[in-house]
Amino acid sequence: MRLLLAPMLSLLAGMALVAATGVRLTRLQFVGAAMALGAPLLGAVLSLGFMCGASASAAVWTSVVLCPLACGWCCRRVAFDGKQHAAALPALLGAGLLGFSVVIRFLAVPAVRGDGLSIALLRALALQQPDGPWAWLSSEDAALLKADYPLGMPALMTFGHILGGGGDAAALTPLLLALPGAALFAIATVARHSTLAAWLAAALFGALPLLRTYASSGQSDPLIAAVLCVAVLACAQGVGGLRLALASLLLLPFVKFEGALHLVLLGVLLLPLLERRARLRWCIAGMCVLSAWPLTLLLHGMMPLLRERVAEGAAASVGDITTAWLQAALSPQHALSMLPLLGLLAAALLMNNHVWRLPAKACASLCIAVPLLLLLRGTTAEAAVHGDVLHRLYLQLAPALIALVAVAAARLLAPAAPAATTES
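A quick note: this is a predicted structure, and the numbers were derived from the prediction, not measured.

Caption draft 1: Broad picture of the environment of A56. As for its position among the elements, A56 is in helix α3 (residues 56-74). Residues A56 and A126, 70 residues apart in the sequence, show an inter-C-alpha distance of 9.7 Å. If near-sequence neighbours (up to four positions away) are discounted, A56 is found in contact with F50, L127, Q128, T158 and I162.

The structure is reproduced here in structure tokens:
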């Protein structure tokens, strides 16, 4: 029973965030967005607590108290879109199937020792030390554990550990709702415009094994995928959707380094759509979250590493990255099954649609930016060409791309179907 505390509290935190933006959603969209954003929000809040010197127990139990209070305060005046649509069934089936498979994998393999779980879990144990984590994180022993990565994942594992009574399974429980929530939000969003698109999206979420493979692996990529899915698809919800998108993007720098680059990229795309005062407020908020972790590293003598520690001869070249991108985008043998290329084609088809133009621009920009991320980080040629680096980066885009591909495919199959209008 204790294992359920962390996911339940993450859901309450996500509900508070979604409600605070004032966006008008259907109930399924609201629940899906809350599931997707709850864990990243908790990771961000706990990270800030640890950066300010709070102990693990103080940060966790304070969050336990604040989550229900924040949810009750923010949700007291939530207004749902009362429109009923026949596509609630595919949303529930698609998200339910993905959620069921994630839980089964979690129960069957609760102690996978991949990089995500082992590295993040050791850093979570460091956060729980009585004298704080900084002495250990700045030592040579921690150099190979990517101690300069943001604290989002270790903070969430600390949250799960303390609430769940310890162990690998407890550390992973806060992460389990993110991808099923992204699926629910994505399918429910496209369902407002096309029942056929909703069924296509549900089928794609059920057919892509990469989602359930990484959902409980301890990697941070599923959390980024959930946040990007909400941020990109919320752009189809009018002005309120822009607020939800920007609030979601503010969580990314606490999860992983590339999250900061995603924030900058999509922020440049979205901020011009706001009025001047709102644009200034969001710019200030973005600069604060972008600088929080680098400043913390500087104060503790740990310079942030924007490039991996690799020899110059092993760094991937433009040719290596291009080859790896073509393999990921064109090979039907991998679990991504040409999703990046299909996403670019779907974005091109939807560029002239007033509802999906902005999500299409966002997805296209992110797809093109992925190879640039590898070059900026100096990823080794071996990891770029033969490893799973590109596949994990495209996993971060997979839920949003699935929704876009489903909408484009539905428009091709039923071009005469009228598009529903969105609420602002």
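Moving on from the model shown.
Caption draft 2: Spatial organisation of the side chain of S194. Within the secondary structure, S194 sits in the loop between α9 (178-191) and α10 (195-207). Here A197 takes part through its backbone nitrogen, which lies 3.0 Å from a polar atom of the side chain of S194.

Caption draft 3: Structural context of the packing of aromatic side chains. In this structure the tally under the stated criterion is two aromatic pairs. With a centroid separation of 5.3 Å and an interplanar angle of 90°, the aromatic rings of F30 and F80 are classed as edge-to-face. With F30 in helix α2 (residues 27-51) and F80 in the loop between α3 and α4 (88-108), the pair connects residues that are 50 residues apart, well separated along the chain. Residues Y149 and F257 carry aromatic rings whose centres are separated by 5.5 Å and whose planes lie at 70° to one another, so their mutual orientation is edge-to-face. Of the two residues, Y149 is situated in the loop between α6 (134-137) and α7 (152-164) and F257 in helix α14 (residues 257-270); the sequence distance between them amounts to 108 residues. Owing to a relative accessible area of 15%, Y149 belongs among the buried residues under this scheme. Given the relative accessible area of 17%, F257 is considered buried. One Lys or Arg, R76, reaches over the ring of W73 and ends 3.6 Å from the middle of that ring.

Caption draft 4: Structural view of the pattern of salt bridges. This structure, assessed with the given rule, holds three salt bridges. Between D221 and K256 there is a salt bridge whose closest N-O contact spans 3.6 Å. In this pair, D221 is assigned in helix α12 (residues 221-234) and K256 in the loop between α13 (238-249) and α14, connecting sequence segments 35 residues apart. You can call D221 buried: its relative accessible area is 1%. Its relative accessible area of 6% is what places K256 among the buried residues. For K256, the salt bridge is made with E258, and the minimal N-O distance between the two is 3.6 Å. Exposure remark for E258: the relative accessible area of 3% places this residue in the buried category. Because the salt bridges share partners, they merge into one network encompassing D221, K256, E258 and R392.

Caption draft 5: Broad picture of the nonpolar core. If you look at the biggest cluster of nonpolar residues, it comprises 145 residues, and the most contacted ones within it are M157, F159, L211 and L249. At 13 residues, α2 tops the list of elements feeding residues into this core.

Caption draft 6: Focus on a nonpolar patch on the surface. Residues V65, L66 and L69 make up a contiguous nonpolar surface patch of roughly 290 Å² in combined accessible area. You can see L66 is positioned in helix α3. Classification of L66 by relative accessible area gives partly exposed; the value is 47%.

Caption draft 7: Up close: the packing of helix α18 (residues 357-377) against helix α21 (residues 398-413). α21 packs onto α18 with a crossing angle of 130° between their chain directions and a minimal axis gap of 10 Å. Relative to α21, the element α18 is oriented oblique. Pair α18 / α21 crosses with left-handed handedness. Counted together, P359, A360, C363 and C367 of α18 and A400, L401 and L404 of α21 form the full contact between these two elements. Looking at the contact of α18 with α21 residue by residue, the class counts come to seven nonpolar, no polar and no charged.

Caption draft 8: Spatial organisation of the side chain of N353. For N353, the location among the structural elements is in the loop between α17 (339-350) and α18. Reaching out from N353, the side chain makes a polar contact with the backbone nitrogen of W356 at a distance of 3.0 Å.

Caption draft 9: Region of the structure containing the packing of α4 against α9. Following both chains from N to C, one finds α4 and α9 inclined at 165°, their axes separated by 8 Å at the closest point. If you check the angle between α4 and α9, you find them roughly antiparallel. For the pair α4 and α9, the sense of crossing is right-handed. Together, P90, A91, L92, G94, A95, L98 and G99 of α4 and L179, P180, A183, L184, I187 and A188 of α9 make up the contact between the two elements. Class assignment of the residues belonging to the contact of α4 with α9 gives a composition of 11 nonpolar, two polar and no charged.

Caption draft 10: Region of interest: the environment of W199. Structurally, W199 is set in helix α10. Through-space distance from the C-alpha of W199 to that of L93 is 9.2 Å; in sequence the pair is 106 residues apart. Contacts of W199, omitting those with residues within four sequence positions, involve L89, P90 and L93.

Caption draft 11: Spotlight on α3. An ideal rise of 1.5 Å per residue puts 27 Å on 19 residues; α3 measures up with 26 Å between its terminal C-alpha atoms. Roughly 30° is the biggest bend found in α3, and it falls at L66, with proline P68 one to four residues downstream. Among all positions of α3, only A56, A59, V60, S63, V64, C67 and C71 are buried.

About the criteria used
Residues numbered from 1 in each chain as written. Predicted model: local features only at pLDDT ≥ 70, side-chain atom pairs only at ≥ 80, totals over all residues. Heavy atoms only, no water. Helix = DSSP H or I, 4+ residues; strand = E, 2+ residues; numbered from the N terminus. Contact = heavy atoms within 4.5 Å. Polar contact = N/O pair within 3.5 Å; in protein donor to acceptor, adjacent residues only side chain to side chain. Phe/Tyr/Trp six-rings, centres within 6.5 Å; stacked < 30°, edge-to-face > 60°. Buried < 20%, exposed > 50% of the residue type's maximum accessible area, 1.4 Å probe, protein only. Lys NZ or Arg CZ within 6 Å of the ring centre and 35° of its normal. Salt bridge = Lys/Arg side-chain N within 4 Å of Asp/Glu carboxyl O. Core = buried A, V, L, I, M, F, W, Y, C linked by side-chain atoms within 4.5 Å. Patch = residues over 30% accessible without salt bridge, like charges linked within 9 Å, V, L, I, M, F, W, Y side chains within 5 Å. Areas by Shrake-Rupley, 256 points an atom, 1.4 Å probe, with all protein chains shown as cover. Axes fitted to C-alpha atoms, helices over the stretch in contact; angles between N-to-C directions. Parallel < 35°, antiparallel > 145°, perpendicular 65-115°, else oblique. Left-handed = near helix turned anticlockwise from the far one by under 90°. Nonpolar A, V, L, I, M, F, W, Y, C, P; charged D, E, K, R; others polar. Expected span 1.5 Å × (residues − 1). Bend = angle between axes of the 7 residues up to and from the residue.

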